[in-house]
Amino acid sequence: MEGSSSSAHECVSIARIKQTERKTNPNFKGDNKTGTIKHTIDGDQTSFAKVYTPDKNNMSVYTESLQSITSRVLEGRNACLCAIGTSTSGNDELMFALDDEEGVAVTAIKTIFDLMDNKNHRHCCTLSMCQVGSDLVVDLLNPSQEASMEVKGNRQGFRIENQAFLSCTNAKETIEFVNQGMRVHQSLLKQIHVNVRPQVIIDIRIETQSTSALDKILSGSIKFVLIETGDSSIMVDNGLRAIGEVINLLSAGIEDTSTVPFHSSTLTKLLSNELGGNCETVFIATVDPFGEVKSTKNSLMLVSKGAKIKNSPAVNRSMLASEIAVLRKEIRAARSKMQLSNPGKFLHDIDRRDLAAFQDKLGQLEHLKSQTWETKRQQAVRWRAERKENLRKLGLLHVLQEKIQVDEKLTDRYSKLKKDVVESLVKIQTYQVQMEKEITKKKKMDESKNADITAADAKIAKYIKTQTVEKRKFLNLSDSLRKVLTTVVEEEEKQRKTFLMSAEQLQVHQANVEYNLLRMNYENLDISELRENMKKKRDCLSEHSKADESIKQLIKDRFDAERKSIQRKWERDQLREMLVENRYRYEAYLQRSELHMLDVFKQYREHFESQKREMEDRYRKMLKDAIQDAVHLQKKNLELQAQINHLQQMLPDKYKRL
């Protein structure tokens, strides 16, 4: 990898104040004219290149401060957007989304892929994500049950051993992969108990190759880093403490960067190029105006000092073919120098420095071979398959479930049919229970009570008739639900950002259902019944205000039991709807899977028939050419024979005897 020389370039520090509903007495106030944020109590001020007050949206932050460095990624530049703030400052909202507003990371990804739409260039885009906490590294795209991943260094910097790099072809797919990685991050947070959330690093690498110069490749990258600070985290987390030390040293203008303690933590190793290296870095301080004072000041101070760091951004050029050829030539020369092919030569006879240099060159060759586009695509396919299995083992397969917006009318119709099917099914089961009760009563009756037996028979006949009618209704509703759900599944497949076969979609859907069963969402619960229950409870307690405490406690227990009964009934209905949806989705996915298999078989058959026709045409042509050649040779043979006979006749008699 080569980089063109460039002059020193200072990093940029900006601040974004989070929008909140509270309007009075904030702890921090920002002034976008002077570029300062002021602590309202002690009056301390921190200066930035720009301060974005709550009235500014994410698009303003991107266009004014981030768009310029994003557009240079395809020119072979490295860029980094590093958001630093407290847990309530809105790092996630700034990077990804805030209500219906796009985050700056999403906008940057879309911009890059829009710029990649150039017929004169070819591109190879790969994505990786990891979380770093207390020097433990977890791959968010391909998490594993194994121990923390190891960070290794080479002459090109630090890298995570065996980290997954997924190949991305468009912006929608890339954004969905990032969202899936963040969902893994959120799920893992619930499984571990730490003082601070692990930091997140998203790395998108883009290689650009001109169609006119295939041996030269521009290698650019963009990183999105989310760092959360806090009082306890600064003292406990080694990575945050180390990154504070590194920023302090670099902002002080230290000349000998070899003394900077990048090796003191995993986080500083992974960000060594973004801090004082070959990168255009923008630090963003996210501020909660009502947030905790000390931790917010730590974030502001860290970002403000980051503006004094001087990087040396340069264009990264890769010439893989020539580099591989040069390395192979050097390896042959090294083998010849060490005389490894000579008999009687042992490893202990070889100079250790020569052997170490030889092994280093072999490692460099393997690393360069792994950077070819074809190898990257093959690895991405392997990682995708391995990723699904690892997510399944960790119980995180539900993160692959995409949030897809289907037509509103179709969704409403589907929801109504689903409820009607559940209600019809409940009625059928109720009639069945009532009928079984009447049959049991009839068996217990005495034969002398003919009237009662006749009444019981009438009830049983009535339940059978009503149940039969309800079953017909249930079958009609089921057919309608199947048709509508098939249409819904087809619409979802059209809008899906990442490719999943029907069988894989079914696995993801079932994993999502199991995950939702563990965390019931009460947002759709109609609380009118609960309010009515509370009103009756208050009225009853006021009527018995002079009663004993035991009576009051009985009243409270009764209404609490009714409240729980209302909640349990709602939960039961939700579970029934989930089970009904799961059943009919299974049928729909099974049907789609069969259609996919038939389509694949049809395409295979068409390809086979096409190949067969091509082979038959080729063999017919070869046979025709062979016959024509045979006829032509026979004709030539006859002509030659005639010429020989003619020559023999023309010879004198004395030569004929010879």
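Refer to the structure printed above.
Criteria and cut-off values
- Residues numbered from 1 in each chain as written.
- Predicted model: local features only at pLDDT ≥ 70, side-chain atom pairs only at ≥ 80, totals over all residues.
- Heavy atoms only, no water.
- Pairing = 2+ DSSP bridges.
- Helix = DSSP H or I, 4+ residues; strand = E, 2+ residues; numbered from the N terminus.
- Axes fitted to C-alpha atoms, helices over the stretch in contact; angles between N-to-C directions.
- Contact = heavy atoms within 4.5 Å.
- Buried < 20%, exposed > 50% of the residue type's maximum accessible area, 1.4 Å probe, protein only.
- Salt bridge = Lys/Arg side-chain N within 4 Å of Asp/Glu carboxyl O.
- Expected span 1.5 Å × (residues − 1).
- Polar contact = N/O pair within 3.5 Å; in protein donor to acceptor, adjacent residues only side chain to side chain.
- Core = buried A, V, L, I, M, F, W, Y, C linked by side-chain atoms within 4.5 Å.
- Phe/Tyr/Trp six-rings, centres within 6.5 Å; stacked < 30°, edge-to-face > 60°.
- Lys NZ or Arg CZ within 6 Å of the ring centre and 35° of its normal.

Caption draft 1: Up close: the sheet that holds strand S4 (residues 28-31). An order of S4-S5-S6 is seen for the three strands of this open sheet, with the pairing classed as antiparallel. A single partner strand is all that each edge strand has here, and the edge strands are S4 and strand S6 (45-47). Ignoring which end each strand starts from, the neighbouring axes of this sheet average 20° apart. Bridge count between strand S5 (residues 36-39) and S6: three bridges; the pairing is antiparallel. Bridging across to S6, Ile37 finds its partner in Thr46. Relative to the sheet, helix H8 (residues 293-306) contacts S4, S5 and S6, its axis offset from that of S4 by approximately 30°.

Caption draft 2: Expanded view of unusual backbone geometry. Although it is not a glycine, Asn162 sits at a positive phi angle of roughly 60°. Structurally, Asn162 can be placed in the loop between strand S14 (157-160) and strand S15 (166-168). Classification of Asn162 by relative accessible area gives exposed; the value is 61%.

Caption draft 3: Seen up close, the pattern of salt bridges. Following the criterion strictly, the structure yields 23 salt bridges and no others. Between Glu176 and Arg183 there is a salt bridge; the shortest N-O distance is 3.1 Å. Its relative accessible area of 24% is what places Arg183 among the partly exposed residues. Among the ionic pairs, Arg585 bridges to Glu581, the shortest N-O distance being 3.1 Å. Of this pair, Arg585 and Glu581 both sit in helix H16 (residues 549-650), four residues apart, which is roughly one turn of that helix. Note on Arg585: relative accessible area 6%, which makes it buried. Judged by relative accessible area, Glu581 falls into the buried class, the value being 18%. Counted as one network, the salt bridges with shared partners bring together Lys418, Glu492, Glu581 and Arg585.

Caption draft 4: Helix H6 (residues 238-251), seen in detail. Helix length check: H6 (14 residues) gives 20 Å between terminal C-alpha atoms against 20 Å at 1.5 Å per residue, within 8%. Those residues of H6 not exposed but buried are Gly239, Leu240, Ala242, Ile243, Gly244, Val246, Ile247, Leu250 and Ser251. Within two residues after H6, Gly253 carries a phi angle of roughly 85°, on the positive side.

Caption draft 5: Just the environment of Thr63, in detail. Its location among the elements puts Thr63 in helix H1 (residues 58-71). Here the alpha-carbon distance between Thr63 and Val104, two residues 41 residues apart in the chain, equals 9.1 Å. In terms of polar contacts, Thr63 uses its side chain to reach the backbone carbonyl oxygen of Met59, at 2.9 Å. A polar contact is formed between the side chain of Thr63 and the backbone oxygen of Ser60, at a distance of 3.3 Å.

Caption draft 6: Broad picture of the pairing of strand S8 (residues 78-85). The buried fraction of S8 is high, at eight of eight residues. Of the two faces of S8, the one lined by Asn78, Cys80, Cys82 and Ile84 and the one lined by Ala79, Leu81, Ala83 and Gly85 are each fully buried.

Caption draft 7: Broad picture of the nonpolar core. Met95, Leu127, Met129 and Phe224 are the most contacted members of the largest nonpolar core, which has 56 residues in total. When sequence neighbours within four positions are dropped, the list of residues in contact with Phe224 reads Leu81, Met95, Ala105, Ala108, Ile109, Val200, Ile201, Ile202 and Ile204. Phe28, Cys82, Val137 and Ala285 belong to the second-largest nonpolar core, a separate cluster that totals 38 residues.

Caption draft 8: Representation of the environment of Phe290 in the model. Mapped onto the elements, Phe290 comes out in the loop between strand S18 (280-287) and H8. For the pair Phe290 and Asn25, spaced 265 residues apart in sequence, the C-alpha separation works out to 8.1 Å.

Caption draft 9: Up close: the packing of aromatic side chains. Per the counting criterion, the structure on display carries one aromatic pair. A centroid spacing of 6.3 Å and a plane angle of 25° characterise the contact between Tyr604 and Phe608, whose relative ring orientation is stacked. Taken as a pair, Tyr604 and Phe608 lie in helix H16 at a separation of four residues, close to a single helical turn. Here the basic side chain of Arg583 rests over the ring of Tyr584, its NZ or CZ set 5.0 Å away from the ring centre. Here Arg618 stacks its cationic end above the ring of Tyr619, 5.9 Å away from the centre of that ring.

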